[in-house]
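In case you want the letters, here they are:
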Amino acid sequence: MTTIPRLPGDLADITLPALLLRNAEDHGDLPALSWRSGEGWATLTWREVRRKVAVLAAGYQALGVGRGEHVLMMMGNRPEHWLSDLALTHLGAVPVTVYGTAAPEQVAHIVRHSRARFAIVEGARELPRWGPLLADATAPLERIVVVEAAEAGTHRTYGSLHATGGRLFNPDAFEKAWREGRSTDALTVVYTSGTTGEPKGVRLTHRNVVLNGVALDAAVEFPEHVGHICYLPFAHIAERMLGIYLPVLRAAHVHLCADPAHVAATARELHPFQFFGVPRVWEKLTASVKSALAGLPEEQRRALEAANETARAHVDCRERGEEPSAALAAAYQEAKERVLDPLLALAGFDRLVWTASAAAPMPLDVARFWAGFGLVIMDAWGLTETTGVVTSNGPDAFRLGSVGKPLDGLEVRVADDGEILVRGATVFDGYLRPDGGVDSACDAEGWFATGDIGRIDEDGFLWVTDRKKEMIVTSTGKNVSPALVENTLKEHPLIGQALVHGDGRSYLVALLVLDPELAPAWAAARGITGDLMESAAVREEVARAVAAANARLNRTEQIKRYRVVREEWGPETGELTPSLKLRRRVIRAKYEQVIDALYTP
């Protein structure tokens, strides 16, 4: 259990500003926020953070931001974003982060739906999506604040707003404003990433967030004031919790990583105690490490393989709840010291006490790969609507492939049709309506239908298999989990991405994408050069990979035909959500002719 600093009041009544005041009073000299500055890091202590937040709050108030106001933000993971979020919260306003990859029509929908009069954006890349809304009579947007002053044009700059706040700051007014807030007030609205349909606004309160954070810390154990590398978008509930709310609760240290592509380098530099990544992030890290290890001399590879097997045996014992034998414990310690830890140190992962994933089913081969280094990826599960984590594996009770057991204060059950239902204090009030009210999404008994399909095993572990709306029903009436089939296909190093199709059809087909890191390494090791898409050897290996996957699947789940496509899928090109989930409808539309051809005799 993580030790939480002094709580400033009854748990159900605490607000985020009350926690920030506690941090400034009790831990004022501890580092709170760091970001890249030149060749090093700039850092603010908790006392300095609160002073900055107070000045910014005065600046936003002078701009016209009032209590209950939704303020939209589209910025990367930079201090202006993090500090503005807390400043708006102290005014009783509601910060709402919009994904940086959102299309103009999605931005316009969120502006209209949230009734937002103010937006804070980073610079020139964002302005074309926001600027036209100022002249749109159907949109309420009135003012845009731009962080990059050189790109602001006629818009208000963040720097001038901060300067105004410095001139107008009134300590008494600042303290009075945040103390008027209640734990049941909206802390944020998180718009879902929209795998289908328009994004929906999920209203979360201070109470939702604080209770979820305390419950999560009861399930894991961290060092005091544990640091966090913050690289996922703040529009995602995971980074809102991990990068803003939990650090305030824990008086922890946040390192902002503005470019997600630099997260691996940042980990190598900082050697963090915790690391969170959605499954696609772990897949890419796995591919990168495998590619690097492929270049080891044969003697080192054999030593590593032996150490991996020892580590997996050690993890297997822990997974079964057994104490490793003295011989296994000694062998594992030797493997760690001589082989595993030196390699993990190269990646900055040698101090990790908590590695986690969520947002989608974790491929079991990825989990088993890291178990070979003694790292157990603690798969968790939750939704935006549940303020993040509902269930989680823990160091003392885990099952690889499952998403763990419910946190304290939450109930989970599975409906007759397999849908997972959740009830508890961290379940949201409802979806935001355009008029400012909320529509409850729970039934009369308080159960929220999550849309995920799963089962609970005899030991109480939850296993999530797929999204209810994404389940494939073949023309013969058989139900198939596409994620299960896709993860099985991706176990081969050549296959980086996969989409399975077959709804209403008599058999399944798949679109495959070669892994951009492992496929070239695989080819180079075999002397294959040139365009891999044109290589007969690569085509033959992909065929063997599909056959191997089919051998592990039942008849209905097997892939009858497939096509390897050239372009990797990503958020920028629209095939993935910002949280790296497949946008199946987009991919199917993009490759409609290819899919149709797979069903043509």
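Because the structure is a prediction, the values reported are computed rather than measured.

Q: Describe the domain arrangement of the chain, and please don't skip the residues or the numbers.
A: Assigned domains of the chain: these are domain 1 (16-270), domain 2 (277-467) and domain 3 (472-599). Inter-centroid distance (C-alpha atoms) of domain 1 to domain 3 is 38 Å.

Q: Could you give an account of unusual backbone geometry, with specific residues and numbers?
A: Only a minority of non-glycine residues have a phi that is not negative, and only a minority of peptide bonds are not trans. Here His225, not a glycine, exhibits a phi torsion of approximately 55°, which is positive. Along the chain, His225 turns up in the loop between α8 (206-219) and β10 (227-230). On the accessibility criterion, His225 (27% relative accessible area) is partly exposed. Here the phi dihedral of His271 falls at roughly 50°; this positive angle occurs in a residue that is not glycine.

Q: How would you summarise the packing of helix α12 (residues 298-319) against helix α13 (residues 326-347) if you had to cite specific residues and measurements?
A: The interhelical angle for the contact between α12 and α13, taken along N-to-C directions, is 130°, at an axis separation of 9 Å. In terms of orientation, α12 lies oblique with respect to α13. Relative to α13, the crossing made by α12 is left-handed. Contact with α12, carried on its side by Ala303, Leu304, Ala307, Asn308, Thr310, Ala311, Ala313, His314 and Cys317, involves Leu328, Ala329, Ala331, Tyr332, Ala335, Val339, Leu340 and Leu343 of α13 and no other residues of that element.

Q: Residue-level account of the pairing of strand β22 (residues 462-467), with values.
A: One face of the sheet, then the other: side chains in a regular strand alternate in exactly this way. Two elements, strand β21 (residues 448-456) and β22, share five bridges in a ladder whose sense is antiparallel. Across the sheet, Gly454 pairs through a bridge with Val464, a residue of β22. The antiparallel pairing of β21 with β22 creates a hairpin that spans five residues between the two strands, and Gly460 there sits at a positive phi of about 90°.

Q: Residue-level account of helix α7 (residues 171-179), with values.
A: Looking at α7, one finds that the buried residues are Phe174, Ala177 and Trp178. Buried residues of α7, viewed axially, fall in a sector of 85°; they line one side. The exposed set on the far side of α7, more than 90 degrees from its buried face, consists of Asp172 and Lys176. Against α1 (16-26), α2 (46-63) and α3 (79-90) lie the buried residues of α7. Its side-chain oxygen at 3.0 Å from the backbone nitrogen of Asp172, Asn170 defines the N-terminal cap of α7.

Basis of the calculations
- Residues numbered from 1 in each chain as written.
- Predicted model: local features only at pLDDT ≥ 70, side-chain atom pairs only at ≥ 80, totals over all residues.
- Heavy atoms only, no water.
- Domains from an automatic or database assignment.
- Helix = DSSP H or I, 4+ residues; strand = E, 2+ residues; numbered from the N terminus.
- Buried < 20%, exposed > 50% of the residue type's maximum accessible area, 1.4 Å probe, protein only.
- Axes fitted to C-alpha atoms, helices over the stretch in contact; angles between N-to-C directions.
- Parallel < 35°, antiparallel > 145°, perpendicular 65-115°, else oblique.
- Left-handed = near helix turned anticlockwise from the far one by under 90°.
- Contact = heavy atoms within 4.5 Å.
- Pairing = 2+ DSSP bridges.
- Arc of directions from axis to C-beta.
- Polar contact = N/O pair within 3.5 Å; in protein donor to acceptor, adjacent residues only side chain to side chain.

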